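# Survey of secondary and tertiary structure
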Protein chains: 2
Amino acid sequence: MNNDEKLTGLLNLDRLVHEPARLLMLSVLAQAKQVEFTYLETLSGLSKGNLSSHMSKLEAAGLIEVTKSFRGKRPLTELRITPAGRKALTDYRRQLSSAMQA
Amino acid sequence: MNNDEKLTGLLNLDRLVHEPARLLMLSVLAQAKQVEFTYLETLSGLSKGNLSSHMSKLEAAGLIEVTKSFRGKRPLTELRITPAGRKALTDYRRQLSSAMQA
DNA sequence: AATTTATAGTTTGTATAGCAAACTAGTTTG
DNA sequence: CAAACTAGTTTGCTATACAAACTATAAATT
C-alpha cells in the first residue's frame, strides 16, 4: 500500500467511531468492564440528551450493550463494549495510524 | 495530564480538520508545495462539488491558500497549505495521538 | 403532607454540514 | 456550428450533533 492509498483510506473511516463523543465513549468502555451512564456524563461533560443519543446509535450498531436496572430505587444504566465494538475501535485506530504516519 | 483528560481531549478536536475529506486534503497539501484541484479530485474520488465546498471552508479558515489562474486557456486552481494550516494539522495529530495511546 | 428540588434519563426541535446533482462558463473536437 | 469535454460553483436534500424541553421517580424542605 503506497502513501496515497494510506491517505485516501481516511475517506473509509467508520463515521460511527470517528465522531469524537462516540470515540471517547468507546475508548473509555474499552478500558473498563462496565461503565455507568452518569459516569460518562460527568467525565465527558456532554449533555444527557446528547449522550443518550450517541449511546443509542452505538447500541443500534451493536458496538455496545446497554443494561437498565435499579440501584436502590434509582434507575441505573450501564454500558459495555461488545466484541464488535472492540474490533471497530481497533480497526479505526489502525486505519488512522496508517494515515497519520503517511 | 491523566488518562481521562487525554480521552476527554477528543471532544476538543478541531472539527474543521477532523472531517476525513479535509484531513486528507491537508495531509496531501502538507507534503507538497502546491497541488491542483483536479489532482485532488482524481486522488480522492470526491465529487467536484464536495471538493470545492471543503476547499472553500479550509480557505475561509485560513488553513489553505487558493490561487486561480490559467494553464494555456484552461482554468487552473491550485491549493497550498498555510503556516496556520500546518499548525492546525500538527496540533490535531498531537491531540489525537495523545488520546489514542491513552 | 404538600411543594419544591434533585436524579436519571428520553424525546423533540433546530441549526449545521456533508454530499451529489444540476448549473455555469469556456474550450476542444467532429 | 453543434456536441462533448474541462474545470469548477451553486443549490437542494438528507443526516446528525447538540441542547432544551419533557417524563418519571425519589429525596428534601417547609
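Located above this text is the structure these notes cover.
Residues numbered from 1 in each chain as written. Chains lettered and ligands numbered in written order. Predicted model: local features only at pLDDT ≥ 70, side-chain atom pairs only at ≥ 80, totals over all residues.

### Re the interface of chain B and chain A
- In this complex, chain B contributes 18 residues to the contact, which on the side of chain A involves 18 residues.
- Where the side of chain B that touches chain A is concerned, the elements lending two or more residues are helix H1 (3–8), helix H3 (20–29), helix H4 (37–44) and helix H6 (83–100) of chain B.
- Class assignment for the residues of the side of chain B that touches chain A results in 13 nonpolar, three polar and two charged. (Contact = placed C-beta atoms within 7 Å. Helix = DSSP H or I, 4+ residues; strand = E, 2+ residues; numbered from the N terminus. Nonpolar A, V, L, I, M, F, W, Y, C, P; charged D, E, K, R; others polar.)

### Brief notes about the relation of the copies chain B and chain A
- Overlay of chain B on chain A (RMSD 0.0 Å): rotation 180°, translation along the axis 0.0 Å. Interpreted geometrically, this transformation is the action of a two-fold axis.
- A symmetric contact is evident, with 100% of the interface residues of chain B recurring at the interface of chain A. (Least-squares fit on C-alpha atoms with pLDDT ≥ 70 in both.)

### Considerations on the sheet that holds strand E1 (residues 35–36) of chain B
Residues and elements named next belong to chain B.
- Spatial strand order, E1-E3-E2: three strands in an open sheet with antiparallel pairing. Strands at the two margins of the open sheet, each flanked by one partner only, are E1 and strand E2 (64–71).
- Here E1 pairs with strand E3 (residues 74–81) via two bridges, running antiparallel. The residue of E3 that forms the bridge with valine 35 is leucine 79.
- Packed on one face of the sheet, H3 meets E1, E2 and E3 and runs near 85° to E3. (Pairing = 2+ DSSP bridges. Axes fitted to C-alpha atoms, helices over the stretch in contact; angles between N-to-C directions.)

### With respect to the protein's contact with DNA strand D
- As a structural note, the neighbourhood of DNA strand D is formed by 23 residues, with Gly49 of chain A together with Phe37, Gly49, Ser52 and Thr77 of chain B the closest of them.
- A breakdown of the residues in the surface near DNA strand D according to their chemical character gives six nonpolar, 10 polar and seven charged. (Near = placed C-beta within 6 Å.)

### Section: the pairing of strand E2 (residues 64–71) of chain A
Residues and elements named next belong to chain A.
- Sheet analysis places E2 next to strand E3 (residues 74–81), joined by eight bridges and oriented antiparallel. Note on E3: the bridge partner recorded for phenylalanine 70 is proline 75.
- From the end of E2 to the start of E3, which pair antiparallel, there are two residues, and glycine 72 there has a positive phi angle of about 65°.

### Describing the protein's contact with DNA strand C
- Neighbouring DNA strand C are 23 residues; Phe37, Gly49, Ser52 and Thr77 of chain A together with Gly49 of chain B lie closest to it.
- Those elements that place two or more of their residues in the surface near DNA strand C are helix H4 (37–44), helix H5 (48–60) and E3 of chain A together with helix H5 (48–60) of chain B.
- Each residue belonging to the surface near DNA strand C can be placed in one class, and the counts come to six nonpolar, 10 polar and seven charged.

### Some thoughts on H3 of chain B
- Of all 10 residues in H3 of chain B, eight are buried; the element is thus mostly enclosed.
- Burial in H3 of chain B covers these residues: Arg22, Leu23, Leu24, Met25, Leu26, Ser27, Val28 and Leu29 of chain B. (Buried ≥ 20, exposed ≤ 12 C-beta atoms within 10 Å, placed from the backbone.)

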